[in-house]
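Descriptive structure summary
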Amino acid sequence: MTYEDHSVRYRGNVCWCLGLTWWEEKKVYSIEVYEYDREGKEFIRTLLVHKSPSRDECMKHFLEDKYWDGKSFYEVAPELEWVD
């Protein structure tokens, strides 16, 4: 999920992860996670957007912030279903 765009199903809805991206013009990395409806068509909410000049800081926020309904990535990982 970190270096490419991926989607997972979380509690019935589709979550899109825009993996770690380097923005040359701003000299920052970003990582983003958005939640959509069950079909992946209707936007529901932004779960995470983090930007930093540090790739490691972005990854730390992705893995440790509690943006999945008050839980971290590792806490919800068993509930995530990969969507192709």
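Residues numbered from 1 in each chain as written. Predicted model: local features only at pLDDT ≥ 70, side-chain atom pairs only at ≥ 80, totals over all residues. Heavy atoms only, no water.

1. Some words on the sheet that holds strand β5 (residues 81-83)
One open sheet accounts for five strands, arranged β4-β3-β2-β1-β5; its pairing is antiparallel. The strands lining the two open edges of the sheet, one partner per strand, are β4 (43-52) and β5. Strand-to-strand twist of the sheet, defined as the mean angle between neighbouring strand axes without regard to direction, takes the value 25°. Along the sheet, helix α1 (residues 55-64) contacts β2 (13-23), β3 (28-36) and β4; its crossing angle with β4, the most-contacted strand, is approximately 145°. (Pairing = 2+ DSSP bridges. Helix = DSSP H or I, 4+ residues; strand = E, 2+ residues; numbered from the N terminus. Axes fitted to C-alpha atoms, helices over the stretch in contact; angles between N-to-C directions. Contact = heavy atoms within 4.5 Å.)

2. Side note on the side chain of E32
Position of E32 relative to the elements: it lies in strand β3. No salt bridge is formed by the buried E32, whose closest oppositely charged neighbour, K51, lies at an N-O distance of 5.4 Å. Here Y34 takes part through its side chain, which lies 2.5 Å from a polar atom of the side chain of E32. Residue contacts for E32: discarding those within four places in its chain leaves W16, C17, L18, L48 and V49. (Buried < 20%, exposed > 50% of the residue type's maximum accessible area, 1.4 Å probe, protein only. Lys, Arg positive; Asp, Glu negative; His and termini not counted. Salt bridge = Lys/Arg side-chain N within 4 Å of Asp/Glu carboxyl O. Polar contact = N/O pair within 3.5 Å; in protein donor to acceptor, adjacent residues only side chain to side chain.)

3. Remarks on unusual backbone geometry
Positive phi, close to 55°, is recorded for K27, a residue that is not glycine. Of note, K27 is situated in the loop between β2 and β3. K27 gets classed as partly exposed once you look at its relative accessible area, which sits at 45%.

4. Observations concerning the pairing of strand β1 (residues 5-10)
With six bridges connecting them, β1 and β2 associate as antiparallel partners. If you follow Y10 over to β2, its bridge partner there is N13. Adjacent in sequence and paired antiparallel, β1 and β2 are bridged by two residues, among which R11 carries a positive phi angle near 50°. Where β1 meets β5, three bridges bridge the pair, whose relative direction is antiparallel. The residue bridging R9 from the neighbouring strand is E81, located in β5.

5. Brief notes about the environment of E4
The topology assignment puts E4 in the segment before β1. Between the C-alpha atoms of E4 and E32, which are 28 residues apart in sequence, the distance is 11 Å. Apart from the residues lying within four places of it in its own chain, the contact partners of E4 are C17 and G19.

6. Examining the packing of aromatic side chains
All told, the structure shown has nine aromatic pairs when counted by the stated rule. For the ring pair F62 and Y67, a centre distance of 6.4 Å and an interplane angle of 35° mean the geometry is tilted. For F62, a relative accessible area of 1% gives the class buried. Residue classification places Y67 among the buried positions, given a relative accessible area of 8%. (Phe/Tyr/Trp six-rings, centres within 6.5 Å; stacked < 30°, edge-to-face > 60°.)

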